[in-house]
Amino acid sequence: MRILIHKDYEALSRWCAYYIARKIKDKNPSPGNPFVLGLPTGSSPVGTYKELIRLNQAGKVSFQNVVTFNMDEYVGLPETHPQSYHYFMEENFFRHIDIPRENINIPNGNAPDLARECQEYEEKIVKSGGIGLFLGGIGVDGHLAFNEPGSSLTSRTRIKTLTLDTRIANSRFFDNDPSKVPQTALTVGLGTIMSAQEVMIIINGYAKARALHQVVEQGVNHMWTGSMLQLHRYGIIVCDEEATMELKVGTVKYFKDIEQYDLEHLPEL
């Protein structure tokens with residue numbers, strides 16, 4: 001597992017965007033052989049999305065032959081609702097880049113048969129050739145997507161009941177009222193994420209420091225689902241200095257030493 005510790009959120013966001021753009025260009029995707037990208041919502045990837053938009057509009061990278069699969073979506077929330085993940089992705093990323101609409105995939109939280117929607121989502125990922133790179137954020141309790149503490153380590157896309165902690169955390173988007181936050185969501189599973197060729201997780205800010213410690217310095221634990229990254233054949237954590245506050249000094253120094261070149265140089269485009 002790689003860990004790149006940047007000085008701040010702006011620096012890590014810029015590096016993540018350049019890394020994704022480089023991966024897309026390296027594949028030289030075509031309509032019959034697209035680059036398949038897994039995407040998150042939330043505050044963590046916003047800076048990366050802004051930088052990717054800038055790179056796209058500057059002609060540095062194209063999304064014409066990129067297929068995306070989002071991690072999750074609330075159940076029962078209209079797609080036009082300002083807090084739906086369909087709306088978030090449209091406003092923060094998709095409408096600003098050159099991706100064909102048919103290449104965008106987000107779970108349908110209003111599907112008449114939610115279980116079938118989850119199964120077909122998994123099947124569509126497989127038919128696309130599998131996810132090349134899954135970008136993600138992490139919760140303060142270490143969860144990935146909506147794979148909250150206690151989730152199966154081999155789980156696939158499914159209906160998930162949200163914990164009170166998550167509803168309280170997300171209530172800031174719902175007039176600070178946890179009762180307004182949907183109680184269920186559709187989410188890719190840990191097994192879905194782990195099947196990607198690469199997984200890159202953004203962990204920023206002091207509030208995520210305990211999660212980073214658990215994910216990096218403790219064992220694989222279904223109560224800290226992000227710790228699954230330890231088992232991935234090519235997992236990357238991109239974090240900032242604030243998030244490392246609970247890591248051992250030796251851990252921080254080790255990863256800064258071995259990643260020194262990439263910390264000082266953006267991937268070339």
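Treat the numbers as computed from the prediction; the structure is a model and nothing was measured.

Enquirer: When you look at the packing of aromatic side chains in this model, what are you seeing that I'm missing?
Expert: Describing an aromatic ring pair means giving the distance of the ring centres and the angle of the ring planes. Summed over all chains, the structure comprises 10 aromatic pairs. Where Tyr 74 meets Phe 174, the ring centres are 5.9 Å apart and the plane angle is 85°; that geometry is what we call edge-to-face. Of this pair, Tyr 74 sits in strand S4 (residues 72-74) while Phe 174 sits in the loop between helix H5 (164-170) and strand S8 (184-187), placing them 100 residues apart in sequence. Looking at Tyr 74, the relative accessible area reads 2%, which means it is buried. Through pairs of rings, three or more aromatic residues link up here, namely Tyr 49, Phe 63, Phe 93 and Phe 94.

Enquirer: I'm lost on the sheet that holds strand S9 (residues 198-203) in this one. Help?
Expert: Each strand in a sheet pairs with another by means of backbone hydrogen bonds, the pair being arranged parallel or else antiparallel. Ordered in space as S1-S10-S9-S6-S2-S3-S5, the 7 strands form an open sheet in which the pairing is parallel. Lying at the two open borders of the sheet, with one neighbouring strand each, are strand S1 (2-6) and strand S5 (104-105). Of the pairings in the sheet, the one linking strand S2 (residues 35-39) to strand S6 (residues 133-136) comprises 2 bridges and is parallel in character. Following the sheet pairing, Gly 38 is matched in S6 by Phe 134. Against the sheet, helix H1 (residues 9-27) makes contact with S1, S2, strand S3 (66-70), S6, S9 and strand S10 (235-240), and its axis sits at roughly 165° relative to S9, the strand it touches most. Seen against the sheet, helix H4 (residues 114-127) touches S3 and S5 and runs at an angle of roughly 155° to S3.

Enquirer: Even after reading the chapter, I still don't get the side chain of Asn 204, so can you show me in this structure?
Expert: With respect to the helices, strands and loops of the structure, Asn 204 is situated in the loop between S9 and helix H7 (209-217). Exposure remark for Asn 204: the relative accessible area of 18% places this residue in the buried category. Excluding residues that lie within four positions of it along the chain, Asn 204 makes contacts with Tyr 9, Leu 12, Ser 44, Asp 240 and Ala 243.

Enquirer: Honestly, the environment of Ala 209 in this entry has me stumped. Any pointers?
Expert: Among the structural elements, Ala 209 can be located in helix H7. Along the sequence, Ala 209 and Asn 221 sit 12 residues apart, while their C-alpha atoms lie 17 Å from each other. The residues touching Ala 209, leaving out its near neighbours within four places in the chain, are Glu 242, Ala 243, Met 245 and Glu 246.

Enquirer: It is not clear to me how the environment of Ile 138 should be interpreted in this structure. Could you clarify?
Expert: Structurally, Ile 138 is set in the loop between S6 and strand S7 (158-161). Linking Ile 138 and Lys 208, residues 70 residues apart in sequence, is a C-alpha distance of 7.8 Å. Residues within four places of Ile 138 in sequence aside, it is in contact with His 143, Leu 144, Ile 201, Ile 202, Ile 203, Lys 208, Val 215 and Gly 226.

Enquirer: Whenever I open this one, the packing of H1 against helix H2 (residues 46-57) confuses me. Can you help?
Expert: When two helices pack together, their arrangement is given by the angle between the helix axes and the distance between those axes. Where H1 meets H2, the axes come as close as 8 Å, and the angle between the chain directions of the two elements is 50°. The orientation of H1 with respect to H2, classified from their angle, is oblique. Relative to H2, H1 is oriented so that their crossing is right-handed. Contacts from Tyr 9, Ser 13, Arg 14, Cys 16, Ala 17, Tyr 18, Ile 20 and Ala 21 of H1 reach H2 at Val 46, Gly 47, Thr 48, Glu 51, Leu 52, Arg 54 and Leu 55. Here the residues of the contact of H1 with H2 are counted per class, giving 9 nonpolar, 3 polar and 3 charged.

Enquirer: Honestly, the environment of Glu 246 in this entry has me stumped. Any pointers?
Expert: Mapping Glu 246 onto the fold places it in the loop between S10 and helix H8 (249-258). Of the residues examined, Glu 246 reaches a relative accessible area of 36% and is grouped as partly exposed. Sequence separation between Glu 246 and Ala 11 is 235 residues, and the spatial gap between their C-alpha atoms is 21 Å. In this structure, Glu 246 is in contact with Ala 209, Arg 210, His 213 and Glu 217, ignoring residues within four places of it in sequence.

Reading guide: rules and limits
Residues numbered from 1 in each chain as written. Predicted model: local features only at pLDDT ≥ 70, side-chain atom pairs only at ≥ 80, totals over all residues. Heavy atoms only, no water. Phe/Tyr/Trp six-rings, centres within 6.5 Å; stacked < 30°, edge-to-face > 60°. Helix = DSSP H or I, 4+ residues; strand = E, 2+ residues; numbered from the N terminus. Buried < 20%, exposed > 50% of the residue type's maximum accessible area, 1.4 Å probe, protein only. Pairing = 2+ DSSP bridges. Contact = heavy atoms within 4.5 Å. Axes fitted to C-alpha atoms, helices over the stretch in contact; angles between N-to-C directions. Parallel < 35°, antiparallel > 145°, perpendicular 65-115°, else oblique. Left-handed = near helix turned anticlockwise from the far one by under 90°. Nonpolar A, V, L, I, M, F, W, Y, C, P; charged D, E, K, R; others polar.

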